[in-house]
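Commentary on secondary and tertiary structure
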Amino acid sequence: MYPNLENYLEEISHYLVPRKGAEDVLAEIRSHILEKAGQELGGIGEENLARVIAGYGSPPKVAERYMEGESLIAPTLKGYLLRYTGILFVIHLAVILAAFLLKTKMVLFPFLYIPRLSGVADLFYLPTAFIYDLGLVGIFLYFVTKQAKEVHLPWFDIHFRLPDSPKARTSEPKVYLLILMLIGFGMLLGIYLRFETLFMLGIGPEGTRPLFRPAVAHWYSLALLALIGVGIGSYIAQFFTRSEWVQVVKNAICLLIAGIVNIYPLEWEPSRIPVLSERTFGTAFVLVVVFTSAYGLCRSLFRIGRRILLDAFRMTNDE
Amino acid sequence: MDGDNSYLEVEMNRGFLQLLVLMALEQRMYGYGMIKHLLALGCSLDENTLYPLLRRLEKNGWVQSEWEIRSDRPRKFYFITASGKALREQGLAIWRQQNVIMQKMTEVSHVSES
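Residues numbered from 1 in each chain as written. Chains lettered and ligands numbered in written order. Predicted model: local features only at pLDDT ≥ 70, side-chain atom pairs only at ≥ 80, totals over all residues.

**Some points on the overall build of chain B**
Going by this rule: Helical segments are the DSSP runs of H or I of at least four residues, strand segments are the runs of E of at least two, and each set is numbered from the N terminus. Partly exposed residues are those whose C-beta has more than 12 but fewer than 20 other C-beta atoms within 10 Å; with 20 or more the residue is buried, with 12 or fewer it is exposed, and the C-beta atoms are placed from the backbone. We call two residues in contact whenever the C-beta atoms placed from their backbones are within 7 Å.
If you tally the helices and strands in chain B, you get 4 helices and 3 strands. In chain B, the succession of α and β elements from N to C terminus is α-β-α-α-β-β-α. Out of the 114 residues in chain B, the part that is buried amounts to 19%. Taking the contacts inside chain B whose residues are at least 6 apart along the sequence as the reference set, 48% of them involve residues at least 24 apart.

Shown next, in the form of structure tokens:
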């Protein structure tokens with residue numbers, strides 16, 4: 001027995017996954033090191049073994065070479081990790097919301113257990129829920145990989161054909177961004193359900209200071225949530241179609257929301273915050289939404305119109 | 001540019017080393033002996049490359065192994081299987097074909113240069 005060699009092999013064994021066959025790997029490394037020390041350094045002694053071991057490589061690197069090509073999740077399945085996590089998280093989010101609204105705990109045996117939480121505690125529960133979902137999907141994909149069979153996991157394959165629709169000048173939609181948006185939206189929704197406003201200073205059960213009167217705050221919070229919801233909806237739609245019409249519909253709905261906010265009768269009163277009056281805020285809110293949405297709408301319509309004209313021109317030339 | 005060279009070497013070695021080992025295993029060999037054998041032919045092969053490669057070949061059924069005790073020392077001997085021989089022939093055919101293509105390519109580039 002050579003303590004240095006056995007310690008080295010022991011350390012390699014910590015990193016070797018899967019464990020099956022590990023003893024054989026270690027026996028072969030042992031045999032090689034002893035052989036090399038005996039043949040190249042003139043004898044097997046602790047000193048010679050230490051020199052051979054130093055040249056063999058660090059235990060993690062040695063183990064890594066045996067695990068090349070041994071993926072926990074097959075490369076073809078990696079794309080499903082965030083996709084399926086996204087779907088699961090949306091379901092999870094809905095259950096959390098239902099638990100919050102019904103003021104009860106929720107159990108979807110054996111996968112989900114949502115304890116009865118307060119509004120703020122729900123917000124802190126969201127990252128935990130996401131990590132749990134990611135882990136659950138990861139375990140599922142791990143077992144699919146271990147099956148070592150060619151599997152086709154289901155995924156939505158919906159493509160809308162919209163009339164005269166140039167590709168929108170937006171970047172490719174990303175699942176992780178959608179998840180972040182949903183988390184953000186969920187958090188805002190949680191704040192709204194807890195405090196009945198999104199416009200306040202400070203957060204927490206104590207120490208919050210509303211910026212506006214409840215009726216005004218309630219109305220603008222709902223409008224803001226609706227605008228964000230429309231934005232997320234249009235982002236989800238981009239997974240299925242990159243049509244410019246998506247932007248048209250999104251901006252049209254945003255303009256509609258701005259219009260409703262503008263005509264809704266609210267009695268203006270001086271705000272408790274001296275620098276920001278309710279009337280100033282309301283006007284600025286509507287103006288920002290109208291200008292950004294109108295600009296987006298005009299740009300999209302211009303691009304669609306240009307495409308129609310170009311197609312018509314091409315058709316005329318072809319004839 | 002050393003990094004680029006090592007990347008190219010790794011990429012080009014992927015199939016080449018498998019073929020080389022399958023050819024070397026025409027006779028039964030153990031790992032250390034194979035490294036020495038290939039070194040004598042001018043191919044320096046790292047033990048951390050050879051042993052994992054042998055395991056992958058064995059997992060696919062192209063080589064088999066058995067432990068033997070010689071000179072009071074256990075050694076794991078490898079030998080090629082029938083499917084390994086078939087793979088080796090296919091690999092050699094590909095290698096020859098690639099050689100022909102490469103030869104033609106270099107001739108064409110020589111002509112265009114001159």
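The rest of the description comes next.
**Some remarks on the overall build of chain A**
For chain A, the count of helices and strands is 10 helices and 4 strands. Helices and strands appear in chain A in the N-to-C order α-α-α-α-α-β-β-α-α-β-β-α-α-α. Counting across all 319 residues of chain A, residues that qualify as buried make up 21%.

**Quick look at the nonpolar core**
Note the threshold: In this description, a nonpolar core means buried residues of the types Ala, Val, Leu, Ile, Met, Phe, Trp, Tyr and Cys, linked to one another by C-beta atoms lying within 7 Å.
The biggest cluster of nonpolar side chains holds 18 residues, and the ones touching the most others in it are B:V21, B:L22, B:L25, B:L54, B:L57 and B:V63. Secondary structure elements with two or more residues in this core: helix 1 (2–24), strand 1 (29–30), helix 2 (31–40), helix 3 (47–59) and strand 3 (73–80) of chain B. Top element by residues in this core is helix 3 of chain B. It accounts for 4 residues. Setting aside chain neighbours within four positions, we find B:L54 in contact with B:V21, B:G31, B:V63 and B:Y78. Listed in part, the 14 residues of the second largest apolar core include A:L5, A:I33, A:L34 and A:V52.

**Looking at helix 9 (residues 244–263) of chain A**
Let me state the cut-off plainly: For a helix, the expected span equals 1.5 Å multiplied by the number of residues minus one.
Compared with an ideal rise of 1.5 Å per residue, which puts 20 residues at 28 Å, helix 9 of chain A spans 29 Å between its outermost C-alpha atoms and is within 8% of the ideal. Within helix 9 of chain A, burial applies to A:E244, A:V246, A:Q247, A:V248, A:K250, A:N251, A:C254, A:I257, A:A258 and A:V261.

**Quick word on the interface of chain B and chain A**
Accessible area lost upon the coming together of the parts is a frequently used measure of interface size. Formally: Residue polarity is assigned by list, with Asp, Glu, Lys and Arg as charged and Ala, Val, Leu, Ile, Met, Phe, Trp, Tyr, Cys and Pro as nonpolar; anything else, Gly included, falls into the polar class.
Between chain B and chain A, the residue contacts involve 12 residues of the former and 13 residues of the latter. Broken down by secondary-structure element, the contributors of at least two residues to the side of chain B that touches chain A are helix 2, helix 3 and strand 3 of chain B. Looking at the side of chain B that touches chain A, the element that brings in the most residues is helix 3 of chain B, giving 6 residues. Looking at the side of chain B that touches chain A, its residues break down into 4 nonpolar, 2 polar and 6 charged.

**Details of the sheet that holds strand 1 of chain B**
Whenever strands of a sheet pair, they do so through backbone hydrogen bonds, lying parallel or antiparallel. Residue and element names in this part refer to chain B. Operational definition: Two strands are said to pair when DSSP picks up at least two bridges between them. An axis is simply a line fitted to the C-alpha atoms; with a helix, the fit covers only the stretch in contact. Between two such axes, the angle follows the N-to-C directions and lies from 0 to 180 degrees.
Within the open sheet, the 3 strands sit side by side as 1-3-2. Their pairing is antiparallel. In the strand order of this sheet, the two ends are held by strand 1 and strand 2 (63–70), each with one partner. Bridge count for strand 1 against strand 3 is 2 bridges, and the pairing is antiparallel. Following the sheet pairing, Y30 is matched in strand 3 by F77. Lying on the sheet, helix 3 is in contact with strand 2 and strand 3; it crosses strand 2 at an angle near 125 degrees.

**Overview of helix 2 (residues 22–40) of chain A**
Between its terminal C-alpha atoms helix 2 of chain A stretches 27 Å, which fits the 27 Å expected from 19 residues at 1.5 Å a residue. Considered for burial, the residues of helix 2 of chain A that qualify are A:E28, A:I29, A:H32, A:I33, A:L34, A:E35, A:K36 and A:A37. Along its buried surface, helix 2 of chain A packs onto helix 1 (3–15) and helix 3 (46–56) of chain A together with helix 2, helix 3 and strand 3 of chain B.

**What about the packing of helix 2 of chain B against helix 3 of chain B?**
Residue and element names in this part refer to chain B. We apply this condition: When an angle is under 35 degrees it counts as roughly parallel; over 145 it counts as roughly antiparallel; between 65 and 115 it counts as roughly perpendicular; any other value is oblique. Take the far helix as the reference: if the near one is turned anticlockwise from it by less than a right angle, the crossing is left-handed, and if turned clockwise, right-handed.
Packing of helix 2 against helix 3 brings their axes to within 10 Å, and their N-to-C directions diverge by 120 degrees. The angle between helix 2 and helix 3 falls in the class oblique. Helix 2 and helix 3 meet at a crossing whose hand is right-handed. Counted together, G31, M34 and I35 of helix 2 and E47, L50, Y51 and L54 of helix 3 form the full contact between these two elements. Its residues assigned to classes, the contact of helix 2 with helix 3 comprises 5 nonpolar, 1 polar and 1 charged.

**Description of the pairing of strand 2 of chain B**
Residue and element names in this part refer to chain B. As defined by bridge partners, strand 2 adjoins strand 3 across 8 bridges and the pair is classed as antiparallel. Residue pairing for strand 3: E68 is matched across the bridge by R75. Connecting strand 2 to the antiparallel partner strand 3 that follows it, the hairpin turn spans 2 residues, and S71 within it adopts a positive phi of roughly 55 degrees.

**Regarding the environment of A:P214**
Secondary-structure assignment places A:P214 in helix 8 (residues 214–237). Residues A:P214 and A:F195, spaced 19 residues apart in sequence, show a C-alpha to C-alpha distance of 9.8 Å.

**Side note on the packing of helix 1 of chain A against helix 2 of chain A**
Residue and element names in this part refer to chain A. Their axes nearest at 10 Å, the elements helix 1 and helix 2 cross at an angle of 145 degrees. The chirality of how helix 1 crosses helix 2 is right-handed. For the pair helix 1 and helix 2, the contacting residues are L5, L9, I12 and S13 in the first and A22, L26, I29, R30 and I33 in the second. Partitioned by chemical class, the residues of the contact of helix 1 with helix 2 number 7 nonpolar, 1 polar and 1 charged.

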